[in-house]
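One letter stands for each residue in the lines below.
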Amino acid sequence: LLAAIQAARWVEGRDIADRAVLGALAAGLGLVLPDDEVADDAALRQWVDEAAMLLTRSGTGGVPTLLRQQDGRLQVVPSAYLYQSRARLADLLAA
């Protein structure tokens, strides 16, 4: 499903936030999405809203975006750390 979602977004330019698009992608793979009650969970919505607020506060966007919060401040962690040295990323996060 992940590959189908990524292709729909990045190759076909489809709106993967649209439940109808996700439903069609899932159905094409013989899957069924959870019902709206599960998908519209208030806690999930709050988590997504908080993540969006953090991205706005940090002035970032895009995928992946790594943020580290320490002493009430946000620090943007270079996403290149994901592809370079895990030890370097671990050191930064442990500091």
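Data block above holds the structure.
Residues numbered from 1 in each chain as written. Predicted model: local features only at pLDDT ≥ 70, side-chain atom pairs only at ≥ 80, totals over all residues. Heavy atoms only, no water.

Concerning the overall build of the protein
So, point 1. Of the regular secondary structure elements, the protein holds 5 helices and 2 strands.
So, point 2. Counting from the amino terminus, the protein carries its helices and strands in the arrangement α-α-α-α-β-β-α.
So, point 3. The C-alpha atoms of the protein give 17 Å as radius of gyration, which overshoots the globular expectation for 95 residues (12 Å, by more than 25%).
So, point 4. Viewed in the frame of its principal axes, the protein has a C-alpha envelope of about 45 × 30 × 20 Å.
So, point 5. A total of 95 residues make up the protein; the buried ones form 12% of that total. (Helix = DSSP H or I, 4+ residues; strand = E, 2+ residues; numbered from the N terminus. Rg over C-alpha atoms; globule rule 2.2 N^0.38 Å. Buried < 20%, exposed > 50% of the residue type's maximum accessible area, 1.4 Å probe, protein only.)

Quick notes on the environment of Ala-4
So, point 1. Looking at where Ala-4 falls in the secondary structure, it is placed in helix H1 (residues 2-11).
So, point 2. For Ala-4, a relative accessible area of 23% puts it in the partly exposed group.
So, point 3. Once the C-alpha coordinates of Ala-4 and Gly-28 are considered, the two residues, 24 residues apart in sequence, prove to be 9.2 Å apart.
So, point 4. Setting aside chain neighbours within four positions, we find Ala-4 in contact with Leu-25 and Leu-29. (Contact = heavy atoms within 4.5 Å.)

Considerations on the pairing of strand E1 (residues 66-70)
So, point 1. Summarising the sheet, E1 and strand E2 (residues 73-77) pair through 5 bridges and their orientation is antiparallel. Along E2, the bridge assignment pairs Leu-66 with Val-77. (Pairing = 2+ DSSP bridges.)

Quick notes on a nonpolar patch on the surface
So, point 1. Together, Leu-1, Leu-29 and Leu-31 line one region of the surface with nonpolar side chains, adding up to about 250 Å² of accessible area.
So, point 2. You can see Leu-29 is positioned in the loop between helix H2 (19-28) and helix H3 (36-39). (Patch = residues over 30% accessible without salt bridge, like charges linked within 9 Å, V, L, I, M, F, W, Y side chains within 5 Å. Areas by Shrake-Rupley, 256 points an atom, 1.4 Å probe, with all protein chains shown as cover. Salt bridge = Lys/Arg side-chain N within 4 Å of Asp/Glu carboxyl O.)

What about the pattern of salt bridges?
So, point 1. Enumeration according to the criterion identifies 1 salt bridge in this entry.
So, point 2. Between Glu-12 and Arg-14 there is a salt bridge, with the nearest N and O atoms lying 3.3 Å from each other.

Points about the side chain of Arg-68
So, point 1. Relative to the assigned elements, Arg-68 resides in strand E1.
So, point 2. At a separation of 3.1 Å, a polar atom in the side chain of Arg-68 contacts the side chain of Gln-70.
So, point 3. In this structure, Arg-68 is in contact with Arg-73, Leu-74, Gln-75, Val-77, Leu-92, Leu-93, Ala-94 and Ala-95, ignoring residues within four places of it in sequence. (Polar contact = N/O pair within 3.5 Å; in protein donor to acceptor, adjacent residues only side chain to side chain.)

Some words on the packing of aromatic side chains
So, point 1. Inspection of every chain in the model, using the stated rule, returns 0 aromatic pairs.
So, point 2. Taking NZ or CZ as reference, Arg-9 lies 4.3 Å from the ring centre of Trp-10, over its face. (Phe/Tyr/Trp six-rings, centres within 6.5 Å; stacked < 30°, edge-to-face > 60°. Lys NZ or Arg CZ within 6 Å of the ring centre and 35° of its normal.)

With respect to unusual backbone geometry
So, point 1. Despite not being glycine, Asp-71 has its phi angle at roughly 55 degrees, a positive value.
So, point 2. Checked against the element boundaries, Asp-71 lands in the loop between E1 and E2.

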